[in-house]
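Examination of the molecular architecture
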Amino acid sequence: MFGQVLTTVARTLGGLAGAFVVGAILAALMGRSALVARLLSPMLTFLQGIPALSWVVFAVIWFRGVETRIFFIMLFTTLPAFAFQLLDSYRSISKDLAEMVVSFRPRRWQMLRVLVWPAVLPGVLTSWKANLGNASRVVVVAELVGATGGVGYELLQQQLFDMAGAMAWTLQLVLFVLVVQWVISAIETFSLRYRGMSERSL
Amino acid sequence: MTADRPLVMDGAAHDAASLPVEIRFDKVSKHFRRPDGEGTFVAVEDVNLDIHQGELVALLGKAGCGKSTLFNMIAGLQAPSSGAVHVQQHDPFKEFAALRGRIAIVFQNDRLLPWRSALDNAAFGLEMMDVPLARRHEAARHWLARLGLQGHENDYPHALSGGMRQRVAIARAFATDAPIMLCDEPLSALDEITAARLRLEFAELLREAGRTAAFITHSIGEALDIGTRVVVLQRPARIAYDVRLGATPAEAERTEVRRRIMDVLTM
């Protein structure tokens, strides 16, 4: 039973990782070139408007392999949000700090390591948290079509009104989302510990 | 009066001119395109200026007179539209990487990286120069201690006061041991008492370390306290007055220089 949840977990995290990598590349390209941003931004907005179910249908038509289909669906449903959120984080890097770092004449990788990565990290973590919930819903829909394992497939087996079974699979998936959210929050608390906190909450 | 022949107020100060030139502006002009795209405006016009080794040059002028543009051209952040800028015989814009470790900048605001401790911020310049961790921490600790921040090495910027943060920024610049120091109104964001105290320490450290420094200031008092030479700019950046001061200028000399600066600034 737990193996089915792990399958769904692997598909979710794999899809998110793929979308994150592609999204980060697109965000970097858009951040560095206004022309690329003008070209890609409407395309990503267009992709964002396509319903998850349409991606499922496209995947079934275009691909044969189950894992390829699921990865494709996960990639395209979460890619635009990753790209936009990462672009926003990149553009929010303080010009003053960038100028200070440049004044020490760093190499490109040093610039990435000492400024870009730490500055975009809060945005990266937020984008993972925001996309995780969306991805966990989409992966179940993707698994309904053609998959022979995973939480979505198991839910499909409970369609003859086995409410207890449906609830059990659903709760397992929700539990998984909560665990991953907790892990991201722990990383966030550790890596953003430099931030000052007011004694009085906002 | 031009920078080629600055007014010398003291015989001892004349020695500075015999030392090697560290920064040279040779007929430098800088034009910017107007934001509306129609025409250009002149920020710097035909500036000739030699800054010699060990000189502490105060660049003084009204807001918008092109001081920051001159500063950015020395730092290699902007290229001149015509003429040439040389820093230690290098073009700071075209040969940007060649001057790694040779120029350190103290900005108007501290510009500390908020995710780094005071120690790691002070060691930042050395890290960019690939200095090993132990050595850069040793240098950073030394300069933090010199600037009265012993015990605050592990504090993040948000836990430090404005004056303390600016001290970390100064430590970051000094720790690099760069022979040229550029300072853009380094004390203007501080309150009067902290600025006055830090100004004296800053001037002492610059003199002690034998650095060549160009610093922008709006304050005549600050220019006379820190500088061994004062260059007054008029809009667009054109040298209107250039004077070398003695190491310890007499009050009469300071008063005379102050009067002349005021004359130029109110012209």
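Residues numbered from 1 in each chain as written. Chains lettered and ligands numbered in written order. Predicted model: local features only at pLDDT ≥ 70, side-chain atom pairs only at ≥ 80, totals over all residues.

1. Some words on the overall build of chain B
As a reminder, the rule being used: To qualify as a helix, a DSSP run of H or I must reach at least 4 residues; to qualify as a strand, a run of E must reach at least 2; elements of each kind are numbered from the N terminus. For a compact globule the rule gives 2.2 Å times the number of residues to the power 0.38, and the radius of gyration it is set against comes from C-alpha atoms. The burial label depends on the number of other C-beta atoms within 10 Å of a residue's C-beta. Counts of 20 or more mean buried, 12 or fewer mean exposed, and intermediate counts mean partly exposed, with C-beta atoms placed from the backbone.
Along chain B, the regular secondary structure elements total eight helices and ten strands. Relative to a compact globule of 267 residues, whose C-alpha radius of gyration would be 18 Å, chain B shows 18 Å and is just as compact. Burial status across chain B gives 45% buried among its 267 residues.

2. Observations concerning the pairing of strand S10 (residues 238-244) of chain B
Side-chain direction in a regular strand flips from residue to residue, so the side chains alternate between the two faces of the sheet. Residues and elements named next belong to chain B. Put simply, the rule reads: If DSSP finds at least two bridges between two strands, the strands pair.
With six of seven residues buried, S10 lies mostly within the body of the structure. Bridge count for strand S9 (residues 229-234) against S10 is six bridges, and the pairing is antiparallel. Within the sheet, the bridge partner assigned to Gln234 lies in S10 and is Arg238. Between S9 and S10, which pair antiparallel one after the other, the connecting turn spans three residues.

3. Looking at the pairing of S9 of chain B
Residues and elements named next belong to chain B. With respect to burial, S9 is a largely interior element, five of its six residues being buried. With five bridges joining them, strand S4 (residues 56-61) and S9 adopt parallel strand pairing. If you follow Leu59 over to S9, its bridge partner there is Val231.

4. A word on the packing of helix H3 (residues 52-62) of chain A against helix H6 (residues 108-144) of chain A
Residue and element names in this part refer to chain A. Counted only if it meets this: Note on geometry: axes are C-alpha line fits, over the in-contact stretch for helices, and angles between N-to-C directions span 0 to 180 degrees. Note on convention: the crossing is left-handed when the near helix lies turned anticlockwise from the far helix by less than a right angle, right-handed when the turn is clockwise. Think of it this way: build a C-beta for each residue from its backbone, and any pair within 7 Å is a contact. Only Asp, Glu, Lys and Arg are considered charged, only Ala, Val, Leu, Ile, Met, Phe, Trp, Tyr, Cys and Pro nonpolar, and every remaining residue, Gly among them, polar.
As a packed pair, H3 and H6 sit with axes 10 Å apart at the nearest point and diverge in direction by 35°. The two elements H3 and H6 meet at a crossing, and its hand is right-handed. Within the contact between the two elements, H3 uses Ala52, Leu53 and Val56 and H6 uses Val138, Val141 and Ala142. Its residues placed into classes, the contact of H3 with H6 shows six nonpolar, no polar and no charged.

5. Side note on the interface of chain A and chain B
Taken together, the contact pairs 13 residues of chain A with 19 residues of chain B. At the level of elements, helix H5 (95-103) and H6 of chain A are the ones that each hand at least two residues to the side of chain A that touches chain B. Top element by residues in the side of chain A that touches chain B is H5 of chain A. It accounts for five residues. Its residues assigned to classes, the side of chain A that touches chain B comprises six nonpolar, three polar and four charged.

6. Brief notes about the domain arrangement of chain B
All names here are of chain B. Applied cut-off: Domain ranges listed in this record stem from an automatic or a database domain assignment.
Along its sequence, chain B is organised into domain 1 (7-102 + 178-265) and domain 2 (114-177). When each unit is reduced to the centre of its C-alpha atoms, the spacing between domain 1 and domain 2 is 25 Å. Listed by partner, the interface residues are twelve residues for domain 1 and nine residues for domain 2. Examining the composition of the side of domain 1 that touches domain 2, we find that five residues originate from one element, helix H6 (residues 192-209), more than from any other. Within the side of domain 1 that touches domain 2, the residues separate by chemical class into nine nonpolar, two polar and one charged.

7. A closer look at the environment of Val9 of chain A
For Val9 of chain A, the position within the fold is in helix H1 (residues 2-32). Sequence separation between Val9 of chain A and Ser136 of chain A is 127 residues, and the spatial gap between their C-alpha atoms is 8.3 Å.

8. Focus on the packing of H1 of chain A against H6 of chain A
Residues and elements named next belong to chain A. Test applied: Oblique is the label for any angle not covered by the other classes, which are roughly parallel (under 35 degrees), roughly antiparallel (over 145) and roughly perpendicular (65 to 115).
As a packed pair, H1 and H6 sit with axes 9 Å apart at the nearest point and diverge in direction by 120°. Between H1 and H6, the crossing angle belongs to the class labelled oblique. For the pair H1 and H6, the sense of crossing is right-handed. Along the contact surface, H1 presents Thr8, Arg11, Thr12, Gly15 and Leu16, while H6 presents Asn131, Leu132, Ala135, Ser136, Val139 and Glu143. When the residues that make up the contact of H1 with H6 are grouped by side-chain class, the tally is four nonpolar, five polar and two charged.

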